[in-house]
Amino acid sequence: MKTILLLLILFCAIAMPAMSTLTDADLDKIRLIVKEEVKKEVMSLKADIDTLKTDGAIRQTEITNLKENVNKGFDNVQKNFDRQNNIIACIGIPLALIAIGATVWGILAHRRNTKDHALEKQIEVLTQEIEVLKQQQTVNS
C-alpha cells in the first residue's frame, strides 16, 4: 500500500507542472491554422457554387431546348388538325349537300307516290261508278 501511495504522489507531482496556459504565440498559430482551414473551405464552397452555376446554366439550356421541341410538336399537331379540317371541309360539305338533296328528293318522291295512289283510287272509284251507271242504263233500256 505504501508503494501505491508513493507512486500516486509521484505521478501527481509530475502532472502538476504540465498544467499551463496558452501563450500569445500559441494562440496566433491556432488562428493561422483556423484561417487556413476556413480559406480551404471557402475555396471548396466557391468551387461547388461555380459547378452549381454551370449545371444550372446547362439545365436552363436543356429546358429551353425542351420547350422548343414541345412547341415544334404542337405546331406539327396544329398542322395535322388544319389538314384534317381541310379534308373534312372538302369531303364533308359535298356529302352533306348530297345527303340533303337525297332527303328532299325522297320526300318529294314519297309525296308524289301518295298523290298517285290517291288519284288511282279515285280513278278506280269513278270507273266502278261508270260501270254501275252503264249497267243501270242497260237494265233500264
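Up top is the structure these notes are about.
It should be emphasised that the depicted structure is a prediction, and the values quoted were computed from it without experimental measurement. (Residues numbered from 1 in each chain as written. Predicted model: local features only at pLDDT ≥ 70, side-chain atom pairs only at ≥ 80, totals over all residues. Heavy atoms only, no water.)

Peer 1: Any chance you could break down the overall build of the chain for me, citing the residues and the numbers?
Peer 2: The helix and strand tally for the chain stands at two helices and zero strands. Taking 2.2 N^0.38 as the reference for a compact globule, 141 residues should give roughly 14 Å; the C-alpha atoms of the chain span a radius of gyration of 57 Å, well beyond that estimate. Principal axes of the C-alpha set define a box for the chain whose edges measure 180 × 50 × 20 Å. Taken over 141 residues, the chain has a buried fraction of 0%. (Helix = DSSP H or I, 4+ residues; strand = E, 2+ residues; numbered from the N terminus. Rg over C-alpha atoms; globule rule 2.2 N^0.38 Å. Buried < 20%, exposed > 50% of the residue type's maximum accessible area, 1.4 Å probe, protein only.)

Peer 1: Please provide a residue-by-residue account of the pattern of salt bridges, values included.
Peer 2: Side chains that differ in sign of charge can pair as their charged atoms come close. Inspection of every chain in the model, using the stated rule, returns three salt bridges. For Glu62, the salt bridge is made with Arg59, and the minimal N-O distance between the two is 3.7 Å. Of this pair, Glu62 and Arg59 both sit in helix H2 (residues 24-140), three residues apart, roughly one helical turn. By relative accessible area, which is 43% here, Glu62 ends up partly exposed. (Salt bridge = Lys/Arg side-chain N within 4 Å of Asp/Glu carboxyl O.)

Peer 1: So what's going on with H2? Which residues, and what values?
Peer 2: Taking 1.5 Å as the rise per residue, H2 with 117 residues should run 174 Å; its terminal C-alpha atoms sit 165 Å apart, in good agreement. Where H2 bends most, the angle comes to about 25°, and this point is Gly92, followed within four residues by the proline Pro94. (Expected span 1.5 Å × (residues − 1). Bend = angle between axes of the 7 residues up to and from the residue.)

Peer 1: Go over the environment of Thr64, please, and point to the residues and values.
Peer 2: Positionally, Thr64 belongs in helix H2. Under the relative-accessibility criterion, Thr64 is labelled partly exposed at 35%. Sequence separation between Thr64 and Lys121 is 57 residues, and the spatial gap between their C-alpha atoms is 83 Å.

Peer 1: Describe a nonpolar patch on the surface, naming the residues involved and giving the relevant values.
Peer 2: Taken together, the side chains of Leu22, Leu27, Ile30, Val34, Val38 and Val42 define a hydrophobic patch exposed on the protein surface, amounting to about 470 Å² of accessible area. With a relative accessible area of 47%, Val38 lands in the partly exposed category. (Patch = residues over 30% accessible without salt bridge, like charges linked within 9 Å, V, L, I, M, F, W, Y side chains within 5 Å. Areas by Shrake-Rupley, 256 points an atom, 1.4 Å probe, with all protein chains shown as cover.)

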